[in-house]
Structures are given as C-alpha cells and as structure tokens.
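Examining the three-dimensional arrangement
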Amino acid sequence: MIPYASLHNHTNFADGKHSPDEMVEAAYRAGFACFGISEHATMDHAPEDGLKVRDMGLYESIMRDLQAQYKGKMDVAVGIEQDIFGRPIDRDYDYIIGSVHFVKKDGKFLCIDRMPELFDSHVQNHFGGDVYAMVEEYFATVARVHAETGCHIIGHFDLITKFNENGIRFDVNHPRVQAAANRALDRLIPTGAIFEINTGAITRGYRKSPYPDESFLRVLNERGAKIILSADAHHKDWVPLHFDLAAQHAKHCGYKTVMTWKDGAFVEVEL
Ligand SMILES: [Zn+2]
Ligand SMILES: [Zn+2]
C-alpha cells in the first residue's frame, strides 16, 4: 500500500499514452491509496498539448464513473493541470494544479520544457543569449500562477531546470536565479497552496532528482509550505515510478509530513 496520493498524471485525452481506465487500474495494482488524473486544460496557444474543448465533458464523465467504480477500494480524484496561459476553467474539478510551461515574450508563447534545443533557441532568439533573463521571466510568471489559476497545487515549481542537470545551462545558485525564485516563493507560500515534488523529469532521463531543487525545497520547508508527491505519469508503467525517491528527497530536505487526498479533501500524513 502506498499511503500517499498521486494526483499529477495524464492520459490520451492530451499528451499521455493510455486511457483514464488504464491509468487508474495501474495505480490500483501499484497499491495507491489515492490516484488522480490532472489532464492538461485546453491551451489555445498549444492546442495539441491540452484537452480538446469537445472532450471536456467526456473526460469529466469518464473520471466521475471511475471515481464511483473504485469507491471503497481507492480514492479517485478528478483534476486538471491548468497552464497559466490556458483557457479559463469553467468546470468543477476536485483540484487544480497550476503550472507554467511557457514564457510569453515578443508576443509569442515559448515552451520551456519540450526540447533542450528549443530551450536554447528561445534564449538566443528572445533573450539575447542571456539565459538568466529567461529564468527571471519564468519565475516572474510562476509568481502569478496561484492568482491566475486559483490552483490547489503548484506544479513543478522549477520546471525551468528540466534541461539543466549538473548546471549545464545555468547556475541554480546564481543570485539572479535565487532572487527571482524567492520573489515567486514570497507570492506563493502565503497562499497556502501545496507544492508538489515531481519526478517526471527523472523518468524522462533529464534529471536525477525531483523538482523542486534542494535549495528551493529547504526554503519551502523552513517557511512551512505543505508538499505532495507526484509522478507526472504520461504512461501506465510510469505511475508508481520514483515515489520512493520523491519521499527521500522530501525527508532529506527536512519534511516529516506530506499531503494526500482522502474522501474529497486534502489531509496531512506522516512521511
Ligand atoms: Zn506540467
Ligand atoms: Zn503534467
């Protein structure tokens, strides 16, 4: 039995590989106490990456059916991952994950997590080669994510470090990075939103440790922010991957509890 909720997962309604049924079944087999899907909300600037408008009702009804079907066996939660530039949500989901996958510059939406080469071309073409300027723009956007999405969970706080293993593109301890991230934390922590520990980039082979970076996670702990563990699974085989690592990372940074989701509400449990 895995006593924590895994609430950040995707399906073939957007950029995932498997259906909601297959993902929920994989979670049940893995022994999760609670499992949620947080499909990407519709993004007009990146329509292929999010829920199609015509599928929104179907997604919700399939998920509500699964919620009823697994009642008493596993808590199933119906969520949405709302990109800050996504279409506003007009449906009633159990929870919202607020995320930043793009920075907006020169009137364009620049995806920061698709490909390393694309990341580099954005830095060259839109930030004059100054990677720190793009990092600053990213965290300035993250600072607004709770205010603009009304999210319960802050998704992958430092996604901008996805292609930065061993500091290959920038120094995460650089004063400009730390100052920009701290300005975002100053805005987000007082909201009481839960920060996720996300292992998605480990599964994809880009990172060895989860988001957020240790330097940010220690600050989050010192400042009393709650956390939740996430796989960000886009494949049924990824559902249980690296949850042990996420828990270790949290403990290593001083956390003793983690949030889960039970009977329709967030609750705190021992790590
Ligand atoms: Zn995301
Ligand atoms: Zn996601």
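Computed from a prediction, not measured in an experiment: that's the story for all the values here.

1. Notes on the coordination of the zinc ion (ligand 2)
- Those protein atoms acting as donors to the zinc ion (ligand 2) are His8 (NE2), His10 (NE2), Glu81 (OE) and Asp232 (OD), and they sit at 2.0 to 2.6 Å.
- One can describe the donor arrangement at the zinc ion (ligand 2) as irregular, given that its 4 donor atoms subtend angles of 79 to 166° at the metal.
- Given the relative accessible area of 0%, His10 is considered buried.
- Its relative accessible area of 1% is what places Glu81 among the buried residues.

2. Points about the coordination of the zinc ion (ligand 1)
- Protein-derived coordination of the zinc ion (ligand 1) comes from Glu81 (OE), His101 (NE2) and His156 (NE2), at a distance range of 2.1 to 2.2 Å.
- Sequence positions of the residues that donate to the zinc ion (ligand 1) give the spacing E-x19-H-x54-H.
- The zinc ion (ligand 2) is placed at 3.2 Å from the zinc ion (ligand 1), the two being bridged by Glu81. Taken together, the residues span a long stretch of sequence, with Glu81 in strand β3 (residues 75-83) and His156 in the loop between β7 (153-154) and α6 (175-188) at a distance of 75 residues. Across the pair, exposure class does not vary: Glu81 and His156 are buried alike.

3. Details of the nonpolar core
- Judged by nonpolar contacts, the single largest core of 82 residues is most densely connected at Tyr138, Phe139, Phe157, Ile160 and Phe195.
- In terms of residue count, the dominant contributor to this core is helix α4 (residues 131-142) (7 residues).
- Those residues in contact with Ile160 that lie beyond four places of it in its chain are Ile112, Phe119, Met134, Val135, Tyr138, Phe139 and Phe170.
- Formed by 11 residues, the second largest nonpolar core is a distinct cluster that contains Ala5, Leu7, Cys34 and Tyr95.

Conventions adopted
Residues numbered from 1 in each chain as written. Chains lettered and ligands numbered in written order. Predicted model: local features only at pLDDT ≥ 70, side-chain atom pairs only at ≥ 80, totals over all residues. Heavy atoms only, no water. Donors = N, O, S within 2.8 Å, 3.2 Å for Na, K, Ca; no water. Tetrahedral: all angles 85-135°; square planar, octahedral: opposite > 155°, others 65-115°. Buried < 20%, exposed > 50% of the residue type's maximum accessible area, 1.4 Å probe, protein only. Helix = DSSP H or I, 4+ residues; strand = E, 2+ residues; numbered from the N terminus. Core = buried A, V, L, I, M, F, W, Y, C linked by side-chain atoms within 4.5 Å. Contact = heavy atoms within 4.5 Å.

Remember that the coordinates give geometry; whether it matters functionally is a separate question.
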